[in-house]
Amino acid sequence: MKLKILPPHMRNKKRYLAFEVISETLINREDVIPIIWGALWDMYGSCGISRFDLWVIKIWNYDTPEKHVMKGILRCKREEVHSVRSIIPTITRFKSGRVVFHTLGISGSIHSATKKFIYNKL
Amino acid sequence: MFFDFHVHESQELVDEVERLGYTGVVTFKHEENKNKDYSDDLISLRKDSSFQIRWGVMIYSNNIEDLKRKIQKSRNEADVLMVYGGDLRINRAACENPRVDIISHPYRGRRDCGINHISARKAAENKVAVELNVRYLLRIRPQNRYKVLGYYREILKLQRKFNFPLIITSGAHSIFELHTPLDIIALTYCFGMNEEEASFALSETPRNIIERRDISSNVVVKGARIIK
């Protein structure tokens, strides 16, 4: 039997963090999640990660002929948004190629994060 | 208004810094092979833009006499003068010299933060900014990153006591080492900086350095300057 959902005032408040990835080498959607989790492990460990309630919501591909670009949305707890944001600059390498993550913005809903930060440029 | 005060000299990097939302940048070249022509080209390209580009010189030195000679030689040519730190004697000499703007990574290759209470007091008196280099933090192995974060904490503790200028820079050599100002501010939470301190280190300290250098270029003798 499925657990009954909590009333809204008792649920964790969430924030949606839009990010972009620029990579030297070809990068897939499946690669983005382990990259983020690896950086989280290095920085905060399992104790820290358990506080974040982190989830990768969606990833879009924006490849150009010059560089590989992806954009995505990350969900985390409202209280931990700064801690999650702080791992974004620590991601520097993936499979011996250089990679950089930039935060595009933080929003309260997936819809507004997508509209404001993914479909518009930085 | 955010500034990145330590970026390698390249057109691509300057474009990316502007895209990421900075107001100004200081591009650096090694003082051995400095060539101002390239910076002049960059500046002339962006004359109409509000984006500021300044030219800096990084001084590498092994002894204090050499350091003083190089400062004397480069001071008038550069907008920003940065001393390559790491050696304790060089760190101390840089902090004691008011003609130096920034001491770059004083903790480099050390097992301490490279700044003690004496250097900190001198840096505050002479308004020499201490650099926290993001590239140095991110290029180190993840399992050793705690050491650098510890050095940054030590410097921050001294800064709160002695109030010397603190500056956060990217030290970028490629676009993969550049980050948005708000990401850098978020990163500074890891070593105990609050938002106000981080914003100050990214905006006010660089602006103060630029203003001080603009004023000092008009000084005729000590206590008198030309007002344009």
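The numbering scheme is per chain: residues are counted from 1 as the chain's sequence reads. Chain A is the first chain written and ligand 1 is the first ligand written, with later ones labelled in order. Selection of residues for local features in this predicted model requires a pLDDT of at least 70, selection of side-chain atom pairs for listing and counting requires 80 or more, and totals for whole chains, interfaces and linings are taken over all residues. Each side-chain value is derived from all of the structure's non-hydrogen atoms; neither hydrogens nor water enter the calculation.

**Q** Could you clarify how one ought to interpret the state of the cysteines in this entry?
**A** What we call a disulfide is simply a covalent bond connecting the sulfur atoms of a pair of cysteines. Throughout, disulfides are identified as pairs of cysteine sulfur atoms within 2.5 Å of each other. In this structure the tally under the stated criterion is zero disulfides over all chains. C47 of chain A carries a free sulfur, and the closest cysteine sulfur to it, the one in C190 of chain B, is 15 Å from it. You can call C47 of chain A exposed: its relative accessible area is 62%. Residue classification places C190 of chain B among the buried positions, given a relative accessible area of 13%. To sort residues, take the accessible area from a 1.4 Å probe on protein chains only and compare it with the maximum for the residue type: under 20% means buried, over 50% means exposed, and anything in between is partly exposed.

**Q** Is there a simple way to explain helix α8 (residues 181–188) of chain B in this structure?
**A** Since there are 3.6 residues in each turn of an α-helix, residues three or four apart along the chain are aligned in direction. Starting at the N terminus, helices and strands are each numbered in turn, a helix being any DSSP run of H or I of at least four residues and a strand any DSSP run of E of at least two. Taken across its eight residues, α8 of chain B has seven buried, putting it largely inside the fold. What α8 of chain B keeps buried is the set P181, D183, I184, I185, A186, L187 and T188 of chain B. Contact criterion: two residues are considered in contact whenever any of their non-hydrogen atoms come within 4.5 Å of each other. Looking at the buried side of α8 of chain B, the elements it contacts are α1 (29–52), α2 (81–87) and β5 (97–107) of chain A together with α6 (134–139), β7 (166–169) and α9 (195–216) of chain B.

**Q** Explain a nonpolar patch on the surface to me, please; I cannot follow it from the model alone.
**A** Residue and element names in this part refer to chain A. Any residue with relative accessible area above 30% and no salt bridge may belong to a patch, with like charges joined within 9 Å and the nonpolar Val, Leu, Ile, Met, Phe, Trp and Tyr side chains within 5 Å. Computed with the Shrake-Rupley method and a 1.4 Å probe, the accessible areas treat only the protein chains shown as cover for residues. In what follows, salt bridge is the name for a side-chain nitrogen of Lys or Arg lying within 4 Å of a carboxyl oxygen of Asp or Glu. On the surface, a cluster of nonpolar side chains totalling about 280 Å² of accessible area is made up of W55, I57 and I110. Mapping W55 onto the fold places it in strand β2 (residues 55–61). On the basis of relative accessible area, W55 is assigned to the exposed category, the value being 53%.

**Q** Explanation requested: the environment of V7 of chain B in the structure shown.
**A** Residues and elements named next belong to chain B. Mapped onto the fold, V7 is located in strand β1 (residues 3–8). By relative accessible area, which is 0% here, V7 ends up buried. In the structure, V7 is positioned 49 residues away from G56 in sequence and 9.4 Å away in space, judged by C-alpha atoms. Excluding residues that lie within four positions of it along the chain, V7 makes contacts with L13, V17, V25, V26, T27, F28, S170, A172 and L178.

**Q** Please clarify how helix α1 (residues 11–19) of chain B should be interpreted in this entry.
**A** Residue and element names in this part refer to chain B. Listing the buried residues of α1 in full gives L13, V14, E16 and V17. An end-on view of α1 places all buried positions within 165 degrees of arc, on one side of the element. By the N-cap criterion, in which a side-chain oxygen at the helix start approaches the backbone nitrogen of a residue two or three places on, α1 is capped by S10, the distance to E12 being 3.3 Å. Following α1 by one or two positions, G21 has its phi on the positive side, about 100 degrees. The arc in question is the one traced by the directions running from the helix axis out to the C-beta atoms. A 3.5 Å cut-off defines polar contacts: any pair of N or O atoms within that distance qualifies, except that in protein one atom must be a possible hydrogen donor and the other a possible acceptor, and neighbouring residues in sequence count only when both atoms are side-chain atoms.

**Q** Just checking my understanding: could you explain the pattern of salt bridges for this structure?
**A** Any two side chains of opposite charge can pair, on the condition that their charged atoms come close. Applying the stated criterion to the full structure yields 21 salt bridges over all chains. Note that E80 of chain A is salt-bridged to R51 of chain A, the shortest N-O span being 3.2 Å. Remark: R51 of chain A occurs in helix α1 and E80 of chain A occurs in the loop between β3 (68–77) and α2; sequence separation between them is 29 residues. When its relative accessible area of 14% is taken as the criterion, E80 of chain A is described as buried. Given the relative accessible area of 37%, R51 of chain A is considered partly exposed. The residue D87 of chain B makes a salt bridge to R89 of chain B at a minimum N-O spacing of 3.2 Å. Residue classification places D87 of chain B among the partly exposed residues on the basis of a relative accessible area of 32%. What emerges from the salt-bridge pattern is a single network uniting R75, D101, R212 and R213 of chain B.

**Q** How should I be thinking about the packing of aromatic side chains in this particular structure?
**A** To describe a pair of aromatic rings, you give the distance between the ring centres and the angle between the ring planes. Residues and elements named next belong to chain B. Only Phe, Tyr and Trp rings take part, Trp by its six-membered ring, and two of them pair if their centres are within 6.5 Å. Stacked means planes under 30 degrees apart, edge-to-face means over 60, and tilted covers everything else. Going through the model one piece at a time under the given rule, you end up with eight aromatic pairs over all chains. Look at Y107 and Y136: their rings are 5.2 Å apart centre to centre, the planes differ by 55 degrees, and that puts the pair in the tilted class. Remark: Y136 occurs in helix α6 and Y107 occurs in the loop between β5 (102–104) and α5 (117–126); sequence separation between them is 29 residues. Judged by its relative accessible area of 18%, Y136 falls in the buried class. Taking the centre distance of 5.2 Å and the plane angle of 65 degrees together, the rings of Y107 and Y152 count as edge-to-face.

**Q** When you look at the layout of surface pockets in this model, what are you seeing that I'm missing?
**A** Any space left empty among the atoms is revealed by the rolling of a water-sized probe across them. Buriedness for pockets is judged along seven lines, at least five of which must meet protein on both sides within 12 Å for an open set on the 1 Å grid over protein atoms alone, while cavities are sets there where a 1.4 Å probe fits but cannot get out, and lining residues have an atom within 4 Å of a point. Grid points are joined across faces, edges and corners, and a volume is the space filled by probe spheres set on the points. Reported here for the largest pocket is a volume of approximately 400 Å³. Lining the largest pocket are 22 residues, and of these T90, I91, T92 and R93 of chain A together with L138 of chain B lie nearest its centre. Going through the elements one at a time, α1, β4 (93–94) and β5 of chain A together with α6 of chain B are the ones with two or more residues in the lining of the largest pocket.

**Q** It is not clear to me how the side chain of T23 of chain B should be interpreted in this structure. Could you clarify?
**A** Residue and element names in this part refer to chain B. Assignment of secondary structure puts T23 in the loop between α1 and β2 (24–30). The exposure class of T23 is buried, given its relative accessible area of 19%. Contacts of T23, omitting those with residues within four sequence positions, involve M1, F2, S50, F51 and Q52.

**Q** Where do I start with unusual backbone geometry in this structure?
**A** All names here are of chain A. Non-glycine residue S96 carries a positive phi angle of around 60 degrees. Residue position: S96 is located in the loop between β4 and β5. Take S96: its relative accessible area is 66%, and that puts it in the exposed class.

**Q** What exactly am I supposed to notice about the environment of N63 of chain B here?
**A** Residue and element names in this part refer to chain B. Assignment of secondary structure puts N63 in the loop between β3 (52–59) and α3 (64–74). We classify N63 as partly exposed; its relative accessible area is 34%. Once the C-alpha coordinates of N63 and R89 are considered, the two residues, 26 residues apart in sequence, prove to be 7.7 Å apart. Polar contacts involving the side chain of N63 include one to the main-chain amide nitrogen of E65, which spans 3.4 Å. Here D66 takes part through its backbone nitrogen, which lies 2.8 Å from a polar atom of the side chain of N63.

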